[in-house]
Structures are given as C-alpha cells and as structure tokens.
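Examining the three-dimensional arrangement
So you can see what is in the structure, the chains are spelled out below.
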Amino acid sequence: MQSNQTEFDTRNTEILGISVDTREDSAKIATKLGLTYPILSDPDFQAIDAFGVRHKEGMMGKDIARPAVFILNPEGRVAWSNLTDNWRVRVTPEVLIEALDSLN
Amino acid sequence: MTNSAPTKPRFEWSKLGLPLVLFGFLSYFLVFAKFPLTRDFPWVNLPIMLIGLWMAWKYHWRNRKARLTRTRIFSSLLLTGSVLIVALFCFYVFSFSYQLPKASDGLALEQQPKAFTLKDHQGKDISLTDYRGKNLIISFYRGYW
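Worth saying up front: this structure is predicted, and the values here are computed from it rather than measured. (Residues numbered from 1 in each chain as written. Chains lettered and ligands numbered in written order. Predicted model: local features only at pLDDT ≥ 70, side-chain atom pairs only at ≥ 80, totals over all residues.)

**Here we look at the overall build of chain B**
To keep things clear, this is the line we draw: Secondary structure follows DSSP: runs of H or I at least 4 residues long count as helices, runs of E at least 2 residues long count as strands, and numbering of each begins at the N terminus. Radius of gyration here uses only the C-alpha atoms, and the compact-globule reference equals 2.2 Å multiplied by the residue count raised to the power 0.38. Here a residue counts as buried when 20 or more other C-beta atoms fall within 10 Å of its C-beta, as exposed when 12 or fewer do, and as partly exposed in between; the C-beta atoms come from the backbone. Think of it this way: build a C-beta for each residue from its backbone, and any pair within 7 Å is a contact.
Scanning chain B for helices and strands turns up four helices and three strands. Taken from the N to the C terminus, the helices and strands of chain B come in the order α-α-α-α-β-β-β. In terms of overall dimensions, chain B is more spread out than a globule: its C-alpha atoms have a radius of gyration of 26 Å, far above the 15 Å expected for 145 residues. When its C-alpha atoms are laid out on the principal axes, chain B stretches across 85 × 30 × 25 Å. By the burial criterion, 26% of the 145 residues in chain B qualify as buried. In chain B, the share of contacts with a sequence separation of at least 24, taken over all contacts with a separation of at least 6, comes to 54%.

Below you can see the structure in the form of structure tokens.
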C-alpha cells in the first residue's frame, strides 16, 4: 500500500492501519515496512468493535481483529468494504484504487 | 552383519522426500506468503510438497522389503512425516485460514462507525473526525506479527 502513496494522495485519500498490537509493536512494524501512515493500537477494541470486526479467540485464545478493509467517504460513512473470507487472502492496493475511482 | 563384498549403494534421491516436503512447508511462511500471488494459493509450495511426498512414497515402496528392519522403519517414518506435514499444510491453507467470524457482523454500507480516539504508533491521538472531507481507508489486521 505504501508504494501506491501518490495514487492515494491524488484521490484525496488517507490510510489508517488498526490492530490490537501495542504501540511499541506497531512502531516496529511501521519501521520495518517503512510505513508513513498511522498505525493505531486498539487493545480495548474501541475501533474494532465500532466496525464489528472482532474475531473472538482468533489468535491462540485471544481476541483480535479479523482482516478487513473499509473505505469511509468524506462524510465518514462506509462507502466500500472488504471482509475477506480467508485471512491469508487480502485486498491488494490495485483493488482499493479501483474502488476509490468507482466511488467518485 | 555378515554381508560379503559390501558395495557402496548408490545414493537414493528419494530419501530426500521429507526434507523437500519440509522445505516446501517452511518456505511458504518465510518467503512465498509475502507475495499475494503465491500467498493466496500456494502455487509454488503445494507442488514442491507433493513432489516431496511422492519421493517419500517411492523411497518407502522401494524399501518396504529391505533386509534391514532399520531401513524399513526409517522409510516408513519418512513417509509418515511427509504425509503429516502435507496434511497440516492443507489444513492450514484450505480450512484453518477460513475460520473467521461472519462478514455480515461488519459495519454495513452507508453506516457511520461509533466515534473513537486511539493512539498511533508515534503516540499521537487519532480520531475518525480528523479525516472528514477526505476518503479514508481503514485496514484492520490480525497483529501479533
């Protein structure tokens, strides 16, 4: 996603990543992958439950977020979403760019 | 052993079936899961593992009546190990990774998520309202990398 930054910029689009990881772990991932967008740490499931994507006992008995991607429009409403049925299979940046183009 | 004239047996390549299966298994997680094409479906790893499994079977078949009990047991163990690893991999790819909550639990189109404020990895407070007037892609992921 990072490598398509300009594609998202030209489409007036920002990116957020969210998981239950601690801030320290998220920072490590951001450094490792060279991410410039914010990675939010959501250990209390505020955002995860707000979007209904909690996976109960999804990781060795612990609750986590299921992989899911939402696009909120400028009014803050869900305009597009992908909740994969297989957590090995994720949305590609190309799909997101296509989705953004179809929204406008 | 009272073998007369011990000729050095040729190396049996099929002995490498289990290591090949193991290689196919591990390289999925270490290498091929990083690329969407070979991650979504294990195009590389599954064939490697099946070839390894075939080799292990071949080695076992050749040695099923070997004189040495040790050889027979060894070839059975190689085959059993290979079968188990392939089964584990198939379970992971074709069943385990599909174990997810219903997609319909997710926030529906046109809905507005409940407000929240969370800290990002640099300690900055982030709220959804900060992004009004822009499209926002939110990617949830499993974490624990």
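Moving on from the model shown.
**Some points on the overall build of chain A**
Along chain A, the regular secondary structure elements total four helices and six strands. Seen in sequence order, chain A has helices and strands lined up from the N terminus as α-β-α-β-α-β-β-β-β-α. Counting across all 104 residues of chain A, residues that qualify as buried make up 35%. Restricting to contacts in chain A with at least 6 residues of sequence separation, those with at least 24 account for 26%.

**Considering unusual backbone geometry**
Even without being a glycine, Glu57 of chain A presents a positive backbone phi close to 50°. Within the secondary structure, Glu57 of chain A is located in strand β3 (residues 54-59).

**Quick notes on the packing of helix α3 (residues 45-62) of chain B against helix α4 (residues 69-94) of chain B**
Each packed pair of helices is defined by two parameters, the angle between the axes and the distance between the axes. Residues and elements named next belong to chain B. The cut-off we apply is this: Every angle, taken between N-to-C directions, lies between 0 and 180 degrees, and every axis is a line fitted to C-alpha atoms, over only the stretch in contact when it is a helix. Should an angle fall under 35 degrees it is called roughly parallel, over 145 degrees roughly antiparallel, and 65 to 115 degrees roughly perpendicular, with every other angle called oblique. Crossing handedness: left-handed means the near helix sits turned counterclockwise from the far one by under a right angle, and right-handed means the same turn made clockwise. Under the scheme applied, nonpolar residues are Ala, Val, Leu, Ile, Met, Phe, Trp, Tyr, Cys and Pro; charged residues are Asp, Glu, Lys and Arg; polar residues are all the others, including Gly.
At a closest axis distance of 8 Å, the pairing of α3 and α4 adopts a crossing angle of 160°. Relative to α4, the element α3 is oriented roughly antiparallel. Crossing of α3 over α4 shows left-handed handedness. Residue-level contacts link Met49, Gly52, Leu53, Ala56, Trp57, Tyr59 and His60 of α3 to Ser75, Ser76, Leu78, Leu79, Ser82, Val83, Val86 and Phe89 of α4. For the contact of α3 with α4, a count of residues per class yields 10 nonpolar, five polar and no charged.

**As for the sheet that holds strand β3 (residues 135-140) of chain B**
Just so we agree on the cut-off: At least two bridges found by DSSP between two strands is the condition for calling them paired.
Spatial strand order, β2(A)-β1(A)-β3(B)-β5(A)-β6(A): five strands in an open sheet with mixed pairing. Only two strands of the sheet have a single neighbouring strand rather than two, namely β2 (39-41) and β6 (78-82) of chain A. Adjacent strand axes in the sheet meet at a mean angle of 20° when their direction is disregarded. With three bridges connecting them, strand β1 (residues 13-19) of chain A and β2 of chain A associate as parallel partners. In the sheet register, Gly17 of chain A faces β2 of chain A, and the bridge partner there is Ile39 of chain A. Against the sheet, helix α4 (residues 93-103) of chain A engages β1, β5 (68-72) and β6 of chain A together with β3 of chain B, with an angle of about 155° to β6 of chain A.

**Remarks on the confidence of the model for chain B**
Rules: Every residue gets a pLDDT, meaning the predictor's confidence in that residue, from 0 to 100.
For chain B, the mean per-residue pLDDT works out to 92, and 95% of the residues sit at or above 70. Note on the complex model: pTM 0.84, ipTM 0.94.

**A few points about the interface of chain A and chain B**
Often, the extent of an interface is quoted as the loss of accessible area upon association of its parts. Taken together, the contact between chain A and chain B spans 55 residues of the former and 42 residues of the latter. Per element, the largest residue contribution to the side of chain A that touches chain B is seven residues, and it comes from β1 of chain A. Taken together, the residues that form the side of chain A that touches chain B break down as 31 nonpolar, 15 polar and nine charged. Strand direction decides the pairing type here: β5 of chain A and β3 of chain B, joined by five bridges, are antiparallel.

**Considering the pairing of β3 of chain A**
Residues and elements named next belong to chain A. With three bridges joining them, β3 and strand β4 (residues 62-65) adopt antiparallel strand pairing. Paired with Arg54 across the bridge in β4 is Ala65. Taking the residues that link successive antiparallel strands as the turn, the β3-β4 hairpin has two residues, and the phi of Met60 there is positive, at about 50°.

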